[in-house]
Amino acid sequence: MLDLVLKRHSIAFRVSVKSIVSILMVVVAVALPQIFHIAGGVSAGAAYLPMYAPVLLAGCLLGWQWGLGVGILSPLVSFGFSSIALDSAMPALSRLPFMVLELSVFGLVSGLFSKKIQTNSLFAFPAVILSQICGRTVYVIYNLIAGRQFPELLTAIQTGLIGLYLQAAVIPFAVILLSIVLKREREEQGNE
């Protein structure tokens, strides 16, 4: 989506802008769970899935490569940062593999819609919903292969539904709002 505004600039400049936005999304993905855990305890993270929102946003705005990168890096950076700085790994080491897989799918699938979102920002709704379905499917498959019991898995999925519902509403509206702002910016650039 940012490509339309950056179209007049060189490839190197576009990559630099996307790199900065990606880093910002990873930082937000690391900070949000910390804030949720402080405000609502460990259960707030499981219910609201705060790390997922920046990954979805990155995919919608930047494309599949960048969304995939943010999806992979967010849990890894969070684990590294929280292990070193806070002496309490978040996500826990046992959760890290499936979070990397699930979030990479979130970023990849939402990013596959980025070109459609450029032409019509309403595509952010199916982008987010399909990302959630695909990501949660990967989550279930991985956990079943890893030997997790289905009732326990079902409880974890039900707990996270609040966060998924909120993200399905909030992220597309954020993308639409940003699309309006970027469209105005693009029009102003065209008038120069």
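Residues numbered from 1 in each chain as written. Predicted model: local features only at pLDDT ≥ 70, side-chain atom pairs only at ≥ 80, totals over all residues. Heavy atoms only, no water.

**Details of the overall build of the protein chain**
And then number 1: Counting its secondary structure elements, the protein chain contains nine helices and zero strands.
And then number 2: Taken over the C-alpha trace, the protein chain has a radius of gyration of 17 Å; the compact-globule value for 192 residues is 16 Å, and the two agree within 12%.
And then number 3: Each principal axis of the C-alpha distribution contributes one length, and for the protein chain these read about 60 × 35 × 30 Å.
And then number 4: Counting the 192 residues in the protein chain, one finds 43% classified as buried.
And then number 5: Taking contacts inside the protein chain between residues at least 6 apart in sequence as the whole, the part at least 24 apart equals 71%.
And then number 6: For the protein chain, the exposed surface amounts to about 9900 Å²; the carbon and sulfur share of it is 72%.
And then number 7: Averaging the locations of the 12 positively and 8 negatively charged side chains of the protein chain gives two centres separated by 8 Å. (Helix = DSSP H or I, 4+ residues; strand = E, 2+ residues; numbered from the N terminus. Rg over C-alpha atoms; globule rule 2.2 N^0.38 Å. Buried < 20%, exposed > 50% of the residue type's maximum accessible area, 1.4 Å probe, protein only. Contact = heavy atoms within 4.5 Å. Areas by Shrake-Rupley, 256 points an atom, 1.4 Å probe, with all protein chains shown as cover. Lys, Arg positive; Asp, Glu negative; His and termini not counted. Charge placed at Lys NZ, Arg CZ, Asp CG, Glu CD.)

**Remarks on helix H4 (residues 52–62)**
And then number 1: Within H4, 11 of the 11 residues are buried, leaving the element largely enclosed by the surrounding structure.
And then number 2: Positive phi appears at glycine 63, one or two residues downstream of H4, with a value of about 105 degrees.

Keep in mind these values describe shape, not function.
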